[in-house]
Structures are given as C-alpha cells and as structure tokens.
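Observations on chain architecture
The lines below spell out each chain.
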Amino acid sequence: MKMKMTFAGAVALLGGVGAFAATPKIDGKLDDACWAAATWHSDFSRPSDYRKRTTPLPKAEFAFAHDAHTLYVAARCCELDMDAVRALKVSRPWSGNEIEFFLSPSGMPDEYYHFILSPNADKQYAQYYAEGGGIRPDPFSPSWTWAFAWEKDAWTAEAAIPLSAFYMTRNA
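Residues numbered from 1 in each chain as written. Predicted model: local features only at pLDDT ≥ 70, side-chain atom pairs only at ≥ 80, totals over all residues. Heavy atoms only, no water.

**Describing the overall build of the protein chain**
Counting secondary structure elements, the protein chain contains two helices and nine strands. When the elements of the protein chain are put in sequence order from the N terminus, they spell out β-β-α-β-β-α-β-β-β-β-β. A burial count over the protein chain gives 48% of its 172 residues as buried. Taking all contacts inside the protein chain whose residues are at least 6 apart in sequence as the whole, residues at least 24 apart take part in 60%. A total of about 9,400 Å² of accessible surface is found on the protein chain, and carbon and sulfur atoms cover 52% of it. (Helix = DSSP H or I, 4+ residues; strand = E, 2+ residues; numbered from the N terminus. Buried < 20%, exposed > 50% of the residue type's maximum accessible area, 1.4 Å probe, protein only. Contact = heavy atoms within 4.5 Å. Areas by Shrake-Rupley, 256 points an atom, 1.4 Å probe, with all protein chains shown as cover.)

**Considering the pattern of salt bridges**
This model, assessed by the stated rule, comprises four salt bridges. Between Arg76 and Glu151 there is a salt bridge whose closest N-O contact spans 2.9 Å. You can see Arg76 sitting in strand 4 (residues 70-78) and its partner Glu151 sitting in the loop between strand 8 (145-150) and strand 9 (154-162), a full 75 residues away along the chain. Taking relative accessible area as the criterion, Glu151 reaches 29% and is therefore assigned partly exposed. Its salt-bridge partner being Lys152, residue Asp153 comes within 3.8 Å of it at the nearest N-O pair. Take Asp153: its relative accessible area is 44%, and that puts it in the partly exposed class. Owing to a relative accessible area of 71%, Lys152 belongs among the exposed residues under this scheme. Connected through salt bridges with shared partners, the residues Lys59, Glu61, Arg76 and Glu151 form a single ionic network. (Salt bridge = Lys/Arg side-chain N within 4 Å of Asp/Glu carboxyl O.)

**Considering the packing of aromatic side chains**
Scanning the model with the defined rule gives 12 aromatic pairs in all. Both rings, one in Phe101 and one in Phe115, keep their centres 5.3 Å apart while their planes meet at 15°; by these two values the pair is stacked. Here the residue Phe101 occupies a position in strand 5 (residues 98-103), and Phe115 occupies one in strand 6 (residues 112-117), the gap between them amounting to 14 residues. Each member of the pair, Phe101 as well as Phe115, is classed as buried. (Phe/Tyr/Trp six-rings, centres within 6.5 Å; stacked < 30°, edge-to-face > 60°.)

**Side note on the side chain of Asp32**
Counting through the fold element by element, Asp32 comes out in the loop between strand 2 (18-19) and helix 1 (33-37). Buried within the structure, Asp32 lacks any salt-bridge partner; its nearest side chain of opposite charge belongs to Lys25, at an N-O separation of 7.7 Å. A polar contact of 3.4 Å, which involves the side chain of Asp32, links it to the backbone nitrogen of Lys25. (Lys, Arg positive; Asp, Glu negative; His and termini not counted. Polar contact = N/O pair within 3.5 Å; in protein donor to acceptor, adjacent residues only side chain to side chain.)

**Focus: the environment of Glu131**
Within the secondary structure layout, Glu131 lies in the loop between strand 7 (125-129) and strand 8. Along the backbone, Glu131 and Glu111 are 20 residues apart, and their C-alpha atoms lie at a distance of 7.4 Å.

In structure tokens:
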C-alpha cells in the first residue's frame, strides 16, 4: 500500500507531539508501552478520482513521539495480500510498499526533510529539500535507525531520528 503520511513542523512543534518517559526498542514491533500511550492517526481516504478504484483502503495508522533527543515514528499498514507483500523484494524505495513522511522544522512548505521506509527495500531513503531542489548532490545523510516486523494482516515499522539529524534547517 503506498501512502504519504505528512507531519509538518515536527521539530518546531514538539510540544504538540507526545513525549515518551521510556523510549521504544526499535525492532519494528509496536508492543512497547510507549506506543500504547501514543496518539495514533488513521482514517485515511483515497481521492475520489484516484484511478477510479472502488476497493476500500486497508487500514493504516501512524504515531509520532519524542524524548529529549529523538523523534520516534511508528506505523502499521494492513494489507489484503500479506504473502505478496512479504515476497516482494526491491532494491530501493518507491518500488514496493512504503511509508513516506515529510518534516518541516522551519514551517516553510518548500524546505523539508523527506524520509521513506520500505519493508521490501534493501535500503531506506532520506533527503533534505530546499532552494527549489537546487541542493545537488544532496549532502543530507542523517544517522537514523529503523526496523520492520510482520503481523498476520499487516507490516509494521518503527524509526528513531535523532533531533541532531535536522542539521540542515536554516536558523536552527
């Protein structure tokens, strides 16, 4: 299932994101007590003209939280055919199932960090977009961790992004 999960201004607005007293173990499993206490977002809808599909979207949900040094992301993506999802192997994101999220600490719509997690890809993706995409090659190379897990009808993901990874933000 391809979907975009957007959370603008995460670093600037951390007061609006739940804080963890105990951090999660980044193993892809969403069984940590901190995720049970997190605010989960779901009820996504497909645009009415999107390829004229009438099949309902499988449920997807995500949560963000933080501690003093790290932003945490968790997601659960239900699938209609988990065997096909597990079997798919791709060399990079955008070729399989993924979660994309965009973070804009400056609040400017044309300056953001873009992260992609895919349980099917050999590697994950992160980029910083600014100056109309004129930063080439993209020097952004954050140190972040992620993991995936499989459930009966879903795949799950967790990521930990140190706040220091947002080092390219202007006036930070």
